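Listed below are the residues making up each chain.
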Amino acid sequence: MRVVVEADGGSRGNPGPAGYGAVVRDAATGEVLAERYDSLGVATNNVAEYSGLIAGLAAAAELNAERVAVKMDSKLVIEQMSGRWQIKNAGLRPLAAEAAALVGKFVAVTYEWIPRERNKAADELANRAMDEAAGAPVRQAPVRAESPKSWAPPASLEEATRIILVRHGATPLTAQGRYSGRGDVPLTDEGEAQAMAAAGRVAGISRDIAAVLSSPLSRCMRTAELIAAEAGGVPVTVMDDLIECDFGQWEAKTFAEVQERWPDEMAAWLASTSVAPPGGESFQAVAKRVRGALASVLSAYPGKVVVLVSHVSPIKLILRDALAAGDAFLHRLFLDAAGVSTMDVWPDGNIAVRSVNETAHLR
């Protein structure tokens, strides 16, 4: 489902009595699918605007939307959530972080500034919330942002969490170019050497590794063990959601073999991330669980350095989202065995991808 979220917020005094409003529409028809509005007590315009965005995104998530187009007349919110402007106001950072966490529930979110006259529906809801708060009992909307007074982010959240993504070393299927999903194939001797080289590269990025998290499959676990040993004996923790895509009937087949036997299914799979291989798992499903895994990591290790040892599909999907790239990215990016990618994630949702598929350590 594709939806449009129109959101707004206002304050009569800035700061003063404040409220927000949000409208969720079907992107194709313009039909209103949900409305959210509520008062916030005393707050600023910017806090109210962010609260409207949060309410709209939460409503879109409740509707199981996959792609969201956010439209607001707040230049500040649009530019900050797009990553083009820094969030200098400490009071807005936790609200931006909450919005960013909701963004992770969707396949894609875009942001567009619109003139106030094109945002009348959300503006009217925000004013209704303020009017009701001033003279009548406030309507309790299904989704309500907390008052900013309740927010007190730990100082550690001011630092970025560094995520080091490592693909496992080579297996017998790697050199043959075969789909390797849930089959538990071990590393080859070459793969062991590659994993050790990757461990050296990871240690070169940081000597202060807080955690090494791995897919449960042995090719990743062995790679993770070598990285953890190089990092000073950090324990390896299994994270089931980092497992590779289930390729179903295509497991251990080459691209050519699949194309010959399942030409229509292959064409559909290449055209849409919602399509799964016969008996397998779609990239859309993989993306959902990987986003959840990444959110858990960011929550558990704020401001730390964490290594995720995984497979081609999960790593590509993480990088696709981080770079705000389209689905074509998944079929154009090549990830080498034991390749290393690095990105920093800030609590306000900003992301900096520092490297993709480093392989110099393998030469």
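Criteria and thresholds
- Sequence positions are assigned chain by chain, starting from 1 and proceeding in written order.
- Given that the model is predicted, a residue must reach a pLDDT of at least 70 before its local features are reported, and side-chain atom pairs must reach 80 or more before they are shown or counted; all residues, however, enter totals for whole chains, interfaces and linings.
- Water and hydrogen atoms were dropped before computing side-chain values, which therefore reflect all heavy atoms in the structure.
- Within this document, salt bridges are pairs made up of a side-chain nitrogen of Lys or Arg and a carboxyl oxygen of Asp or Glu, the two lying within 4 Å of each other.
- Helix numbers and strand numbers start at the N terminus; a helix is a DSSP run of H or I with at least 4 residues, a strand a run of E with at least 2.
- Remark: exposure states derive from per-residue accessible area (1.4 Å probe, protein chains only) relative to the maximum for the residue type, with buried under 20%, exposed over 50%, and partly exposed in between.
- Here a helix's expected span is defined as the number of its residues, less one, multiplied by 1.5 Å.
- In what follows, a contact means two residues having at least one pair of non-hydrogen atoms within 4.5 Å.
- Think of it this way: DSSP has to see at least two bridges between two strands before they count as a pair.
- Lines fitted to the C-alpha atoms define the axes, with helices restricted to the stretch that makes contact. Angles between their N-to-C directions range from 0 to 180 degrees.
- The nonpolar core is taken to be a set of buried Ala, Val, Leu, Ile, Met, Phe, Trp, Tyr and Cys residues, with the residues joined through side-chain atoms within 4.5 Å.
- As a per-residue measure, pLDDT reflects the predictor's confidence and takes values from 0 up to 100.
- Here the word oblique covers every angle except those under 35 degrees (roughly parallel), over 145 (roughly antiparallel) and from 65 to 115 (roughly perpendicular).

1. Brief notes about the pattern of salt bridges
Here's step 1: As enumerated under the stated definition, the model contains 22 salt bridges in all.
Here's step 2: Note that aspartate 8 is salt-bridged to arginine 116, the shortest N-O span being 3.4 Å. Residue aspartate 8 is found in strand β1 (residues 2-11), and its partner arginine 116 is found in the loop between β5 (108-113) and α4 (120-135); the two are separated by 108 residues along the sequence.
Here's step 3: Its relative accessible area of 44% is what places arginine 116 among the partly exposed residues.
Here's step 4: For glutamate 62, the salt bridge is made with arginine 36, and the minimal N-O distance between the two is 2.8 Å. In this pair, glutamate 62 sits in helix α1 (residues 45-62) while arginine 36 sits in strand β3 (residues 32-43), placing the two residues 26 residues apart along the sequence.
Here's step 5: Through salt bridges that share partners, Arg67, Arg291, Arg320, Asp321 and Asp327 make up one connected network.

2. Examining helix α6 (residues 218-230)
Here's step 1: The end-to-end C-alpha distance of α6, which contains 13 residues, comes to 18 Å, matching closely the 18 Å that a straight helix rising 1.5 Å per residue would cover.
Here's step 2: For α6, every residue scored as buried is listed here: Arg219, Cys220, Met221, Thr223, Ala224, Leu226, Ile227 and Ala228.
Here's step 3: Summarising the contacts, the buried residues of α6 are in contact with β6 (161-167), α5 (189-205), β7 (209-214), β8 (236-238) and β9 (305-310).
Here's step 4: Of the residues one or two after α6, glycine 232 is the one with positive phi, at around 100°.

3. Examining the sheet that holds strand β2 (residues 16-26)
Here's step 1: One open sheet holds the five strands; their spatial order is β3-β2-β1-β4-β5, and the pairing between them is mixed. Pairing within the sheet leaves two strands with one partner each, and these edge strands are β3 and β5. Here the strands of the sheet are splayed against their neighbours by 20° on average, with no regard to which way each runs.
Here's step 2: Where strand β4 (residues 67-72) and β5 come together, six bridges link them in parallel fashion. Looking at β5, one finds that lysine 71 is bridged to glutamate 112.

4. Thoughts on the nonpolar core
Here's step 1: Residues Tyr50, Leu53, Leu57, Val68, Val70 and Met81 are the most contacted members of the largest nonpolar core, which totals 36 residues.
Here's step 2: Elements with a minimum of two residues in this core: β1, β2, β3, α1, β4, α2 (75-81), α3 (93-103) and β5.
Here's step 3: Broken down by element, this core gets its largest block of residues, ten residues, from α1.
Here's step 4: Filtering out sequence-adjacent residues up to four positions away, methionine 81 remains in contact with Tyr50, Leu53, Ala96, Ala99, Ala100, Val103 and Tyr111.
Here's step 5: Ranked by size, the runner-up nonpolar core spans 34 residues in total, among them Tyr179, Val297, Leu319 and Leu335.

5. What to know about the confidence of the model for the protein
Here's step 1: This prediction gives the protein a mean pLDDT of 89; 93% of its residues lie at or above 70.
Here's step 2: The weakest mean pLDDT in the protein belongs to α4 at 90; the strongest belongs to β9 at 98.
Here's step 3: Low pLDDT (under 50) marks residues 136-158, which in the prediction has 37 contacts with non-local residues, meaning those over four places away or in another chain.

6. Things to note about the packing of helix α9 (residues 283-300) against helix α10 (residues 312-322)
Here's step 1: Orientation of α9 relative to α10, taken along the N-to-C sense of each, is 75°, at an axis distance of 9 Å. When the interaxial angle is binned, α9 and α10 end up roughly perpendicular. Every residue of α10 that contacts α9 at Phe283, Val286, Ala287, Val290, Arg291 and Leu294 is listed here: Ser313, Pro314, Leu317, Ile318, Arg320 and Asp321.

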